[in-house]
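Reading the structure
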Amino acid sequence: MTHLILLLGLLILAYISGSQAENAFSQYWEEHIDLPQPPHWFASKASPLSHHQMVVFMKLVEENQLASHLHSFCKQANVACSTNLLFKKTKEDTTLPPIAQWNGLRVKYDGSLNETTLSVASQGGVPYFRESMAKEGCLITIPDLRDPMPYKSFLPRPLASKIPFSFTRIKELNKLFGVVDESSMDEYIRDTLEICEKSPIEGEQCTCATSVEDLIDFVVEKLGHHVGIWSTESIEGSYENVTIGAVKLIHGNLSEPPVLCHSQPFLFQVYYCHVFQNVKVYVVDIHARKKVNHVIMACHYDTSTWNPNHLAFKVLGFGPGLIEVCHWINENGLVWTKSLG
């Protein structure tokens, strides 16, 4: 009976903690975003930690003692430490080929080609395409739309600020979370930190949001409080030859650039958000084998500052500034557009 009461108490505490986290997220959203509520899947990424749990784990980080409580932290914070099954769960999905090495390449516009970059082109699907290739009735091969690590949550901003989020401190970071050097997780961490610390190209404004508050603050700074939010419905169509259905323009004002946010593979939820001038956004129906998927497409109409060796130009021909370049927004990606309010 005593064990039953203890278990019930733990369940109630977990429920209360989750409710507190959701309420904190909802409150910040309501104070800054002029929309009734966030998408359910995005709200579910709020940290499940209660204020008390956050304070306890902050103290452990400050005292360099988190490693001895790592299993508890990973489970309660819903983050993808090496001791957690979240990462394993994604990797063991056998319904599709292994996750494509694509996440970082989608947001690099200044890098030159290397072996990894070139291997992307042979993984299946068209990563970059012309706008004319995505007209109703066209056939196109969809690349991997999956987020390599879709299940992780944000950390609360005060706790995220204590994490050594820097390439120069990567050994400290890996030790803190028990990540093995040269493992898949180590690779993801390095890719994300490299993206987050790169200099923006001309005309790009960017940030890496390590908390939901950071993400919302960046969006509000660039677009104001009156915004629309868009995301791809599902991963259906990945690696398939699909027929393009209806194509609807949802943002066509080239003088009011949207904010594009890409989910990065990392220990906890991190978004790389950036703003480019001259971008249009569409929602496209793709007729996949199982169902019609509603996928977000972003088209860049000014590629003049992109590296001439960018993969898009190798795939499509031409060079910087000569063509528009379009790409799909992957699972858990976000597009924010300014609305009139």
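Before any of the text, the structure's been laid out above.
What this report covers is the structure whose coordinates are included nearby. (Residues numbered from 1 in each chain as written. Predicted model: local features only at pLDDT ≥ 70, side-chain atom pairs only at ≥ 80, totals over all residues. Heavy atoms only, no water.)

1. Here we look at the overall build of the chain
To keep things clear, this is the line we draw: Put simply, DSSP marks the helices as runs of H or I at least four residues long and the strands as runs of E at least two long, and each gets a number from the N terminus on. Summary of the burial criterion: residues with accessible area below 20% of their type's maximum are buried, those above 50% are exposed, and those between are partly exposed, where the area comes from a 1.4 Å probe applied to protein chains only. For accessible areas, the Shrake-Rupley method is used with a probe of radius 1.4 Å. Any residue's cover is judged against the shown protein chains and nothing else.
Regarding its fold elements, the chain presents 11 helices and 10 strands. The proportion of buried residues among the 341 residues of the chain is 50%. As presented, the chain carries roughly 16,200 Å² of accessible surface, and 54% of it is formed by carbon and sulfur atoms.

2. So, the environment of F57
Stated formally: Note on definitions: a residue-residue contact is assigned when non-hydrogen atoms from the two residues lie within 4.5 Å.
Considering the arrangement of structural elements, one finds F57 in helix α3 (residues 51-62). Between the C-alpha atoms of F57 and S72, which are 15 residues apart in sequence, the distance is 9.9 Å. Every residue in contact with F57, bar those within four places of it in the chain, is listed here: L49, L66, S72, F73, Q76 and L159.

3. Comments concerning helix α8 (residues 170-177)
What counts here: Regarding the arc, it is the one traced by the directions from the helix axis to the C-beta atoms.
Residues of α8 that are buried: I170, L173, N174, L176 and F177. Seen from one end, α8 has its buried residues packed into an arc of 160 degrees, which puts them on one side. More than 90 degrees from the buried face of α8, the exposed residues found are K171 and K175. Those residues of α8 that are buried are in contact with α4 (70-77) and α9 (184-197). Two residues or fewer after α8 comes G178, characterised by a positive phi angle close to 70 degrees.

4. So, the pairing of strand β5 (residues 259-264)
Condition: Strand pairing is defined by DSSP finding a minimum of two bridges between the two strands.
Across the 6 residues of β5, 6 count as buried, placing the element largely inside the fold. Taken together, the 6 bridges between β5 and strand β6 (residues 270-275) define a ladder with antiparallel strand orientation. Note that in β6 the partner of L260 across the bridge is H274. Where β5 folds back onto β6 in an antiparallel hairpin, the turn is made up of 5 residues. In this structure, β5 lies alongside strand β10 (residues 334-338), joined through 3 bridges in antiparallel fashion. The partner of C261 across the bridge, within β10, is L334.

5. Quick notes on the nonpolar core
For clarity, the cut-off: We call a set of buried residues a nonpolar core when its members are Ala, Val, Leu, Ile, Met, Phe, Trp, Tyr or Cys and they connect through side-chain atoms within 4.5 Å of each other.
The biggest cluster of nonpolar side chains holds 35 residues, and the ones touching the most others in it are F73, L155, L159, F177, I189 and L267. Looking at this core, the elements with two or more residues in it are α3, α4, α7 (157-160), α8, α9 and β6. Those residues in contact with L267 that lie beyond four places of it in its chain are V79, A80, C81, K152, L173, F177, V179, M185 and I189. Within the second largest apolar cluster, 24 residues are counted, among which are A209, V212, V275 and W336.

6. Remarks on the pattern of salt bridges
Selection criterion: Criterion for a salt bridge: a side-chain nitrogen of Lys or Arg within 4 Å of a carboxyl oxygen of Asp or Glu.
In total, this model carries 13 salt bridges according to the counting rule given. Among the ionic pairs, R169 bridges to E172, the shortest N-O distance being 2.7 Å. Because the salt bridges share partners, they merge into one network encompassing R157, D214 and D217.

7. Thoughts on the state of the cysteines
Stated precisely, the cut-off is as follows: Only a pair of cysteine sulfur atoms within 2.5 Å counts as a disulfide in this structure description.
Per the counting criterion, the structure on display carries 4 disulfides. In this model, C196 is linked to C208 through a disulfide, with the two sulfur atoms separated by 1.9 Å. The chirality of the disulfide connecting C196 with C208 is left-handed, given an S-S dihedral of about -80 degrees. Of this pair, C196 sits in helix α9 while C208 sits in strand β2 (residues 205-209), placing them 12 residues apart in sequence. Using a relative accessible area of 15% as the deciding quantity, one classes C208 as buried.

8. Some thoughts on the sheet that holds β6
Filter applied, for reference: Axes here mean lines fitted to C-alpha atoms, for a helix over just the part in contact, with angles spanning 0 to 180 degrees between N-to-C directions.
Pairing is antiparallel in the open sheet, where 5 strands are placed in the order β2-β6-β5-β10-β3. Either end of the sheet is taken by a strand with one partner, and the two such strands are β2 and β3 (227-230). Taking each pair of neighbouring strands and ignoring which way they run, the sheet shows an average axis angle of 20 degrees. As paired elements, β2 and β6 share 5 bridges and run antiparallel to each other. Bridging across to β6, T207 finds its partner in C273. Along the sheet, α9 contacts β2, β5 and β6; its crossing angle with β6, the most-contacted strand, is approximately 30 degrees.

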